[in-house]
Amino acid sequence: MTTPRPVPHLVPRPNDLTALPGRFVIPPALRLETGPGAEPAAALLADYLGPGRPRTETGPPIRLELDPAQQLALGPEGYRLEVRPQRVVLTAAAPHGLLNAVQTLRQLLPPAALVPATAPADAWWWPCVSIRDRPRLRWRGFLLDVARHFVPLDYLYRTVDRMALHRLNVLHLHLTDDQGWRIEIDGWPRLTEVGAWRSDPVHGGYYTARELRGLVDHAAARGITVVPEIEMPGHARAALAAYPQLGNRPEQRLDVWNRWGVSADIFAVDDRTLDFCRQVLDATLEVFPARHVHLGGDECPTTAWETSPAARRRSAELGLPGVAGLHGWFLARMHEHLSARGRRTMSWDETGHSPGRLPPGIALTAWREAAHGAAAVARGHQVVMAPHTATYFDYPQRDSPDEPAGQPGGTVTLEQVHAFDPLAGGLRAVDPGDDGAGVLGAQAALWTEYVPTTAHADYLTYPRLCAFAETAWAAGRIPFADFLARLRPHRERLAALGVATAVPVGSPTLSR
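Rules of the game
- Residues numbered from 1 in each chain as written.
- Predicted model: local features only at pLDDT ≥ 70, side-chain atom pairs only at ≥ 80, totals over all residues.
- Heavy atoms only, no water.
- Phe/Tyr/Trp six-rings, centres within 6.5 Å; stacked < 30°, edge-to-face > 60°.
- Helix = DSSP H or I, 4+ residues; strand = E, 2+ residues; numbered from the N terminus.
- Buried < 20%, exposed > 50% of the residue type's maximum accessible area, 1.4 Å probe, protein only.
- Salt bridge = Lys/Arg side-chain N within 4 Å of Asp/Glu carboxyl O.
- Pairing = 2+ DSSP bridges.
- Axes fitted to C-alpha atoms, helices over the stretch in contact; angles between N-to-C directions.
- Contact = heavy atoms within 4.5 Å.
- 1 Å grid on protein atoms, 1.4 Å probe; cavity = no way out; pocket = protein on both sides within 12 Å on 5 of 7 lines; lining within 4 Å.
- Points joined across faces, edges and corners; volume = space filled by probe spheres on them.
- Nonpolar A, V, L, I, M, F, W, Y, C, P; charged D, E, K, R; others polar.

**Here's the deal with the packing of aromatic side chains**
Thinking step 1. Applying the stated criterion across every chain yields a total of 10 aromatic pairs.
Thinking step 2. Between phenylalanine 24 and tryptophan 126 the ring centres are 5.8 Å apart and the planes differ by 25°, which places this aromatic pair in the stacked class. With phenylalanine 24 in strand S1 (residues 16-25) and tryptophan 126 in strand S6 (residues 125-133), this pair connects stretches of sequence that are 102 residues apart.
Thinking step 3. A relative accessible area of 0% means that phenylalanine 24 is categorised as buried.
Thinking step 4. Among the residues examined, tryptophan 126 registers a relative accessible area of 0% and is labelled buried.
Thinking step 5. Where tryptophan 188 meets tyrosine 243, the ring centres are 4.9 Å apart and the plane angle is 85°; that geometry is what we call edge-to-face. You can see tryptophan 188 sitting in the loop between strand S10 (180-181) and helix H5 (190-193) and its partner tyrosine 243 sitting in the loop between helix H7 (237-242) and helix H8 (271-287), a full 55 residues away along the chain.
Thinking step 6. According to the relative accessible area criterion, tryptophan 188 is buried, its value standing at 17%.

Below is the structure:
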């Protein structure tokens with residue numbers, strides 16, 4: 001009787017994986033063969049295998065090649081991976097597919113080899129496999145809120161590396177809010193001199209344009225796009241603390257908000273303020289080449305406009321039924337500005353119900369209920385599905401007295417995350433190159449009101465982000481028990497990378 005070969009425990013699970021006999025032992029010197037366009041993926045693989053490992057033209061080859069004829073079968077992010085005792089071949093139709101294949105090879109390594117500098121000599125091998133894989137969704141995102149609590153730059157780099165390991169491809173950075181402004185904008189120094197800092201207790205920080213460009217380049221080399229979010233017209237108190245003249249009460253001096261929730265202080269709607277917002281967006285575009293730019297647009301109380309003679313006057317001049325209509329008008333002006341520069345606007349899904357309605361060309365992030373996302377698709381929008389009941393990691397993972405404090409209002413368990421179906425109800429996934437209505441993808445989020453440290457961020461994010469990565473990638477629904485069985489060895493990978501994960505409820509065999 002033939003002994004079944006062990007199947008590698010990969011997360012997310014590939015669509016088609018066959019375990020084969022034997023292993024490929026990675027030699028001390030690499031023979032990397034690359035076809036045209038495959039060099040960046042080969043460089044990344046070489047870095048993962050130890051940046052000091054020499055190259056050779058002899059020995060068993062590791063070949064990376066692009067085959068555009070595979071576009072229909074694999075799409076822009078799919079790949080084929082063949083590991084045999086005497087050769088390894090990575091094939092994709094486009095460069096991002098090769099990068100995904102490299103991450104699968106990274107997971108196939110023994111966990112000790114994930115940190116090359118400390119890896120023992122016997123950790124350098126891959127099990128023989130045949131894999132054919134492609135993602136279900138083109139947008140597989142993770143939002144990290146760096147406004148409520150500033151997140152050190154090195155943690156952003158680690159986040160990118162961990163996302164890449166799970167074949168996620170969009171990092172959404174929430175850069176501005178009532179509680180902090182985190183991006184340097186040339187010509188507006190007080191945004192970071194004042195807006196980046198709050199008192200009682202003192203907390204703050206920001207990223208220079210140069211630092212963010214470095215992060216963008218690091219992410220791009222791993223197949224990840226960094227999408228910036230600059231909140232407007234609400235969630236603007238940090239900016240108004242820096243420049244009160246941009247608000248509806250320019251004579252009032254504000255501080256950066258040191259409470260959670262939503263401040264009633266919002267941007268004015270005069271030409272000076274709109275010009276400021278356009279300048280901020282232009283400076284942001286210089287740092288982030290991503291096609292999509294997020295404007296927030298959510299949770300915008302209109303009390304300040306209702307009590308502002310200038311806002312009421314502008315509303316009347318525009319023929320709006322009331323000042324509430326200024327919300328959609330404001331976002332539409334910024335959308336025009338971004339569109340003229342070849343970018344695509346995003347906002348949160350409740351902005352789609354703003355009086356005057358938003359143009360269908362604005363993509364929406366559906367954070368409330370999945371039904372709101374489906375309704376946005378019906379109105380003609382592209383939608384990133386991110387319902388808070390399944391994708392918000394600031395909620396506690398379990399109802400337990402020893403669970404760290406989190407967003408009040410319920411829990412989001414590992415099983416809930418894994419069960420989330422972004423295409424439930426027969427929604428259409430939008431193919432690459434298609435700008436029509438449909439589901440662009442899915443996204444998880446870590447809002448940081450209750451997350452003061454990176455250790456706490458790790459605890460809340462993992463392993464829930466692993467479960468999310470699977471539901472965004474896998475072609476079919478995978479039993480939760482199957483995922484848990486693969487998560488056990490996968491936690492060894494995370495531990496090797498210094499990630500402290502939470503223990504899934506109902507999994508007492510998983511050591512902390």
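**A closer look at the pattern of salt bridges**
Thinking step 1. Considering all chains together, one arrives at 28 salt bridges under this definition.
Thinking step 2. The residue arginine 31 makes a salt bridge to glutamate 33 at a minimum N-O spacing of 2.9 Å.
Thinking step 3. Arginine 162 serves as the salt-bridge partner of aspartate 458, at 2.7 Å between the closest nitrogen and oxygen. You can see aspartate 458 sitting in helix H15 (residues 454-461) and its partner arginine 162 sitting in helix H4 (residues 153-165), a full 296 residues away along the chain.
Thinking step 4. Here aspartate 458 falls in the buried class, since its relative accessible area comes to 7%.
Thinking step 5. What you see here is one network of salt bridges that share partners, running through Arg13, Glu470, Asp482 and Arg486.

**Some thoughts on the sheet that holds strand S4 (residues 79-84)**
Thinking step 1. Taken in spatial order, the 6 strands make up an open sheet running S1-S6-S4-S5-S3-S2, and their pairing is mixed. Looking at strand neighbours, the two that pair on one side only are S1 and strand S2 (32-34), the edges of this open sheet. Sheet twist, expressed as the mean angle between neighbouring strand axes with direction ignored, is 20°.
Thinking step 2. Across 5 bridges, the pairing between strand S3 (residues 62-66) and strand S5 (residues 87-92) is parallel. Each residue of the ladder has a partner; that of glutamate 65, found in S5, is threonine 91.
Thinking step 3. Contacting S2, S3 and S6, helix H1 (residues 39-48) runs over the sheet at an angle of about 165° to S2.

**Here's the deal with empty space enclosed by the protein**
Thinking step 1. In this structure the tally under the stated criterion is 3 cavities of 30 Å³ or more.
Thinking step 2. Considered as a void within the structure, the largest cavity measures approximately 50 Å³ in volume.
Thinking step 3. Surrounding the largest cavity, Glu77, His96, Leu99, Asn100, Gln103, Arg140, Ala164, Arg167, Leu168, Asn169, Arg222 and Gly223 form its lining.
Thinking step 4. Among the elements that line the lining of the largest cavity, the one with the most residues is helix H3 (residues 95-108), at 4 residues.
Thinking step 5. Classifying every residue of the lining of the largest cavity by side-chain character gives 3 nonpolar, 5 polar and 4 charged.

**Considerations on the side chain of threonine 461**
Thinking step 1. In this fold, threonine 461 is placed in helix H15.
Thinking step 2. Classification of threonine 461 by relative accessible area gives buried; the value is 2%.
Thinking step 3. Other than its neighbours up to four places away in sequence, threonine 461 contacts Phe142, Phe393 and Leu446.

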